[in-house]
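Structure assessment
These are the residues of each chain, in order.
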Amino acid sequence: MSQLKLPVRTIIFDFDYTLVDSARGTIDGVNFAFEKMGLPIASDDAVRRTIGLSLPDILTALAGDAYTKHVDEFTRLFLQRADETMVALAEFYAGVPQTVKALRGLGIQLAIVSQKTRRYIQPILEKENLLEPFEVIVGGGDATYKPDPEGLLLAVAQTGSVPANCLYVGDSVTDAETARRADIAFIAVLSGVTPRSAFEDYDIYEILEDVSGLLDLEFLINSQTRSSNAK
């Protein structure tokens, strides 16, 4: 298990299925592109299972490897539709705004590392006045796609922290593997489509129902309080 050094200085979040439910916008974008490409419409459940993947991986997961050569067309059409609907259809999970503000109140730096591009992450955060609390956002295209740890380590560097003082919070085994490769402690949340059992092969500090559970973690809250009192 990655060695976590208290107090936690930085918490880095995945975005989709961790802070925000973007399923409606993703389903809409995928099927807009598929219709234009003459592909069969994908079921809602099938698309939901691909959220968190890169757009090339979403295409091959839903249409098969034979469509790899059509990635550019799919990406163009998906983004065309997403520019119209993604922000409006995204919904924060209950308790996320309050949790984000409470963590900042404890003096913890916040960041995001996601496959979703900043062109959508930033305006979605602005919907709940949550852009300012996140000091760093590393989105799709800013670094190699997860589970490569490049984006996660970039976020650590940009916050001026070190891996031992960071937590990464995400909903998928891809997130867990990314944290493992970066040697950063990982907390799993079950707000997405990944079941608890899927995390059995990973060393995980905690498994929470959703991010609001962070505020119930004594090791996190107490260490911040002691650190603040010592200053």
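No experiment lies behind these values; they were computed from the predicted model shown.

Each value, and the rule that gives it
Residues numbered from 1 in each chain as written. Predicted model: local features only at pLDDT ≥ 70, side-chain atom pairs only at ≥ 80, totals over all residues. Heavy atoms only, no water. Core = buried A, V, L, I, M, F, W, Y, C linked by side-chain atoms within 4.5 Å. Buried < 20%, exposed > 50% of the residue type's maximum accessible area, 1.4 Å probe, protein only. Contact = heavy atoms within 4.5 Å. Helix = DSSP H or I, 4+ residues; strand = E, 2+ residues; numbered from the N terminus. Pairing = 2+ DSSP bridges. Axes fitted to C-alpha atoms, helices over the stretch in contact; angles between N-to-C directions. Parallel < 35°, antiparallel > 145°, perpendicular 65-115°, else oblique. Nonpolar A, V, L, I, M, F, W, Y, C, P; charged D, E, K, R; others polar. Bend = angle between axes of the 7 residues up to and from the residue. Phe/Tyr/Trp six-rings, centres within 6.5 Å; stacked < 30°, edge-to-face > 60°. Salt bridge = Lys/Arg side-chain N within 4 Å of Asp/Glu carboxyl O. Polar contact = N/O pair within 3.5 Å; in protein donor to acceptor, adjacent residues only side chain to side chain.

Counting 56 residues, the largest nonpolar core has Ile11, Phe13, Phe74, Leu214 and Leu220 as the members making the most contacts within it. Among residues more than four places away in sequence, those in contact with Phe13 are Thr18, Leu19, Leu103, Leu110, Ala111, Ile112, Val113, Phe134, Tyr168, Val169, Val211 and Leu214. The next biggest cluster of nonpolar side chains, apart from the first, holds 21 residues, and it includes Ala111, Val138, Ala182 and Ala188.

Turning our eyes to something else, we now look at the pairing of strand E1 (residues 10-13). Residues Thr10 and Ile12 line one face of E1 and the alternating positions Ile11 and Phe13 line the opposite face, and both faces are buried. Bridge count between E1 and strand E4 (residues 109-113): four bridges; the pairing is parallel. Note on E4: the bridge partner recorded for Thr10 is Gln109.

On to the sheet that holds E1, then. Sheet architecture is open: six strands sit in the order E5-E4-E1-E6-E7-E8, paired in parallel fashion. The open sheet terminates on both sides in strands that have one partner only, identified here as strand E5 (134-138) and strand E8 (206-208). Here the strands of the sheet are splayed against their neighbours by 20 degrees on average, with no regard to which way each runs. Alignment of strand E6 (residues 166-170) against strand E7 (residues 185-189), held across four bridges, turns out to be parallel. The partner of Gly170 across the bridge, within E7, is Ala188.

So, on to the side chain of Asp175. Tracing the chain through its elements places Asp175 in helix H8 (residues 173-182). Once residues within four sequence positions are removed from consideration, Asp175 is found in contact with Asp14, Lys146, Tyr168, Gly170 and Phe186.

To continue, consider the packing of helix H3 (residues 55-63) against helix H4 (residues 71-89). Direction vectors running N to C along H3 and H4 enclose 110 degrees, while the axes themselves pass 9 Å from each other. The orientation of H3 with respect to H4, classified from their angle, is roughly perpendicular. Contacts between H3 and H4 involve Leu55, Pro56, Ile58 and Leu59 on the former and, on the latter, Val71, Phe74, Thr75, Phe78 and Leu79. Residue composition of the contact of H3 with H4, by class: eight nonpolar, one polar and no charged.

Bringing H4 into the picture now. The sharpest bend along H4 reaches about 55 degrees and sits at Ala82. Every buried residue of H4 is accounted for by Val71, Phe74, Leu77, Phe78, Leu79, Ala82, Thr85 and Met86. Along its buried surface, H4 packs onto helix H1 (23-37), H3 and helix H6 (118-127).

This structure, assessed with the given rule, holds six aromatic pairs. Connected via pairs of aromatic rings, a cluster forms that spans Phe34, Phe74 and Phe78.

On to H8. For H8, the full list of buried residues reads Asp175, Ala176, Glu177, Thr178, Ala179 and Ala182. For H8, the elements touching its buried residues are helix H7 (150-159), E6 and E7. Downstream of H8 by one or two residues, Asp183 has phi in the positive range, about 60 degrees.

Let us now look at the side chain of Ser54. Of note, Ser54 is situated in the loop between helix H2 (44-48) and H3. Given the relative accessible area of 4%, Ser54 is considered buried.

The next subject is the pattern of salt bridges. Per the stated rule, a full pass over the model turns up eleven salt bridges. The salt bridge partner of Asp14 is Lys146, with a shortest N-O separation of 2.9 Å. On the criterion of sequence distance, the pair formed by Asp14 in the loop between E1 and strand E2 (20-21) and Lys146 in the loop between E5 and H7 is long-range, its members being 132 residues apart. Of the residues examined, Asp14 reaches a relative accessible area of 5% and is grouped as buried.

With respect to the helices, strands and loops of the structure, Asp16 is situated in the loop between E1 and E2. Asp16 gets classed as buried once you look at its relative accessible area, which sits at 8%. Every residue in contact with Asp16, bar those within four places of it in the chain, is listed here: Ser22, Ile51, Lys116 and Asp171. A polar contact is formed between the side chain of Asp16 and the side chain of Ser22, at a distance of 2.7 Å. Looking at Asp16, its side chain comes within polar contact range of the side chain of Lys116, at 2.9 Å.

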